Amino acid sequence: MTHPEPQLASIYQDVILDHYRKPRNKGELPNASVEVHMLNPSCGDEVLLQLKLADDRVEDAKFVGQGCSISMASLSMMTGLLKGASIGEARGLVERMKAMMHGDADAAKDRTLGNLRALAGVSQFPVRIKCALLGFNALEEALAKSSNSDQNVDSRNE
Amino acid sequence: MPRTVTGIDPTVLREEFPALHQVVNGDPLVYLDNAATTQKPRAVLDALRHFYEHDNANVHRGIHELSRRATDAFEAARIRVASWVNAPNASEVVWTRGTTEGINLVAYAWGLSNLRKGDEIVVSVMEHHSNLIPWQLVCGHTGARLRHVDIDDQGRLRLDQLEDVLSDRTRIVSIGHVSNSIGTINPVREIVDLAKTVGALTVVDGAQGAPHLPVDVQALGCDFYAFSGHKMCGPTGIGALWGKRELLDSMEPYQGGGEMISVVRLEESTWAEVPHKFEAGTPNIAGAVGFAAAVDYLEDVGRDAIRRHEVELTRHAMDRLGELPWIRIFGPPEPEARSGVVAFEVEGAHPHDVATILDSEGIAIRAGHHCTQPLMRRLGVSATSRASFYIYNTEAEIDRMVRALHTVHGIFGTHA
């Protein structure tokens with residue numbers, strides 16, 4: 001039984017290390033419309049993702065947290081792509097990122113993932129997939145939370 | 001070259017461990033995650049196989065031959081495992097799933113009926129979650145209060161603070177014999193003596209003590225000592241709790257079921273004698289047999305030899321890591337003050353990235369909080385990398401780890 005050797009170079013690319021060392025969009029977001037605190041209890045990584053939503057779009061996205069290069073680079077790149085995205089586009093991002101982490105070759109070529117495509121190699125490291133998806137799980141919960149609260153507002157208005 | 005001075009030649013000894021002989025990610029496996037679990041020698045694997053192939057039956061129930069053999073093997077194993085910690089009587093040794101269950105057993109079976117509001121339980125900031133959460137739960141049930149003792153900046157328990165925390169409200173002091181995260185060996189005898197001055201019971205989490213140090217519960221003077229088979233070459237899912245007879249006798253059962261009863265009526269029942277009172281249900285019989293085989297194996301290797309070998313490996317690792325300015329080692333600076341555990345931080349690199357890079361070269365270490373989140377907070381980190389050694393590890397393996405850490409530094413170092 002031999003398994004293909006996972007290639008280190010495929011995950012520790014310059015673009016990932018650059019986002020890890022100089023994370024973009026890191027810090028508190030005042031007036032956030034929705035925020036999610038996400039913890040990975042098995043490894044201790046934790047993140048607070050904050051979104052500012054207006055007119056069905058993500059006006060701004062920021063995060064605070066600590067974790068490994070994969071989780072932090074993923075959050076840095078994800079928040080960059082979120083700014084200006086519609087809620088639908090944000091949902092699509094979650095979907096395609098998850099597909100890429102499960103080895104979907106088409107998703108790994110999808111231009112809408114931008115720099116996140118550099119993380120495609122993480123799919124060869126099964127124990128690290130949860131690192132790459134930490135921010136996306138937070139995003140998914142944030143989007144669910146905001147649509148729930150919209151519905152609550154709607155139902156109150158009725 | 002093997003170090004004959006230690007009395008262990010790991011290059012010979014490792015021949016007995018089938019799992020060590022494999023290629024992982026293109027390189028021969030270097031297994032340095034022994035504080036999590038150890039590999040198993042053939043003697044233990046053979047004992048498990050022999051039991052299931054020849055003697056398998058339920059214990060203390062049957063009249064037939066196989067049941068008699070299984071019961072004999074199971075009770076002989078209890079005597080063997082009891083001897084490893086010098087328990088005065090094997091009837092004081094209760095089989096458990098592991099250290100965690102042993103501590104939960106004391107917390108519930110003693111704590112629920114003896115703790116009252118205002119009582120205090122004392123632990124340290126370096127406890128494994130398994131010696132913290134059971135007490136938190138029992139405090140929730142009883143209104144007792146959990147207090148903790150800090151460590152100094154070199155990872156040693158603050159005995160002065162223990163003295164301050166102890167009072168006539170203290171009912172239990174529960175302390176790890178050895179820190180699984182940073183390897184600190186705690187002065188159990190001194191802790192027990194201090195606890196006795198206020199009449200408190202002492203519980204020792206021996207998960208990292210029994211596998212690595214010669215343990216004598218009578219000399220330690222504690223009231224309970226819990227340990228696990230799988231951290232000392234035995235199978236997973238089997239452990240032992242030693243407790244003083246009069247305490248075990250006074251305690252209520254931990255779980256109810258078969259095996260632990262004397263007379264059962266629909267309304268109420270009476271309990272079997274200690275230790276069976278605490279062993280409801282069909283126990284891990286093969287596990288107990290395998291645990292005893294592990295004790296036989298380790299007795300052959302020699303307790304003092306095990307300890308000397310680990311100190312040598314720890315010294316070698318600390319010397320080699322100490323040469324690297326981009327590595328910070330946690331815990332006591334003297335190898336003699338630790339078990340074979342070296343936790344460290346690589347500048348600029350998260351422990352998960354360290355572990356992934358080492359794994360890509362076939363080297364298994366642990367990265368994370370090691371089930372000691374309060375200790376991580378105390379050390380000011382979210383996680384550490386940890387190499388932990390056992391009888392079959394060699395200095396050459398540590399050198400391979402150090403070389404791989406240079407790869408980590410090449411990727412994550414601040415110069416890059």
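Summarised in this report is the structure supplied together with it.

Rules used throughout
Residue numbers restart at each chain and count upward from 1, following the sequence in its written direction. Following the order in which they are written, the chains are lettered starting with A and the ligands numbered starting with 1. Whole-chain, interface and lining totals are the exception, using all residues; otherwise, since this is a predicted model, local features are given only for residues with pLDDT of at least 70 and side-chain atom pairs are given and counted only at 80 or more. With hydrogens and water set aside, each side-chain value is computed from the structure's full complement of heavy atoms. Grouping buried Ala, Val, Leu, Ile, Met, Phe, Trp, Tyr and Cys residues that are joined through side-chain atoms within 4.5 Å yields what is termed a nonpolar core. Throughout, exposure labels follow a simple rule: accessible area from a 1.4 Å probe, protein chains only, divided by the maximum for the residue type, with under 20% read as buried, over 50% as exposed, and the rest as partly exposed. The secondary structure listing takes helices from DSSP runs of H or I that are at least 4 residues long and strands from runs of E that are at least 2 residues long, numbered from the N terminus. In what follows, residue pairs with any heavy atoms lying within 4.5 Å of each other are defined as contacts. Throughout, buried area stands for the accessible area (probe radius 1.4 Å) lost by two parts on being put together, summed over both. The salt bridge definition used is simple: a Lys or Arg side-chain nitrogen within 4 Å of an Asp or Glu carboxyl oxygen. Here a polar contact is recorded for every N or O atom pair within 3.5 Å, except that within protein the pair must consist of a potential hydrogen donor and a potential acceptor, and residues adjacent in sequence are included only if both atoms are side-chain atoms. Each residue gets one of three labels, nonpolar for Ala, Val, Leu, Ile, Met, Phe, Trp, Tyr, Cys and Pro, charged for Asp, Glu, Lys and Arg, and polar for the others, Gly among them.

1. Quick word on the nonpolar core
One broad rule of soluble globular proteins: the nonpolar side chains tend to lie buried together. Core analysis: the largest hydrophobic core is formed by 77 residues, its most contacted members being Met97 and Leu119 of chain A together with Met401 and Leu405 of chain B. Element by element, the count of residues in this core is highest for helix H6 (residues 129-157) of chain A, at 10 residues. Ignoring anything within four residues of it in the chain, the contact list for Leu405 of chain B reads Leu321, Trp326, Ile327, Phe344, Val346, Val354 and Leu358 of chain B.

2. Things to note about the interface of chain B and chain A
On the side of chain A, 20 residues touch chain B, which itself brings 19 residues to the contact. Summed over both partners, the interface of chain B with chain A comes to about 1,400 Å²; 57% of that surface belongs to carbon and sulfur atoms. There are one salt bridge connecting chain B and chain A. A salt bridge links Asp353 of chain B to Arg128 of chain A; the nearest nitrogen and oxygen atoms lie 2.9 Å apart. The interface formed by chain B and chain A holds nine residue pairs in polar contact (both at pLDDT 80 or more) in total. Take the side of chain B that touches chain A: its biggest share by element is four residues, from helix H12 (residues 351-359) of chain B. A per-class count over the side of chain B that touches chain A returns six nonpolar, 12 polar and one charged.

3. Section: the environment of His128 of chain B
Residues and elements named next belong to chain B. On the secondary structure map, His128 appears in the loop between strand S5 (120-124) and helix H5 (133-142). His128 sits in the partly exposed class, given a relative accessible area of 25%. Residues His128 and Arg403 lie 275 residues apart in sequence; the distance between their C-alpha atoms is 30 Å. In this structure, His128 is in contact with Asn180, Asp205, His370, Cys371 and Thr372, ignoring residues within four places of it in sequence.

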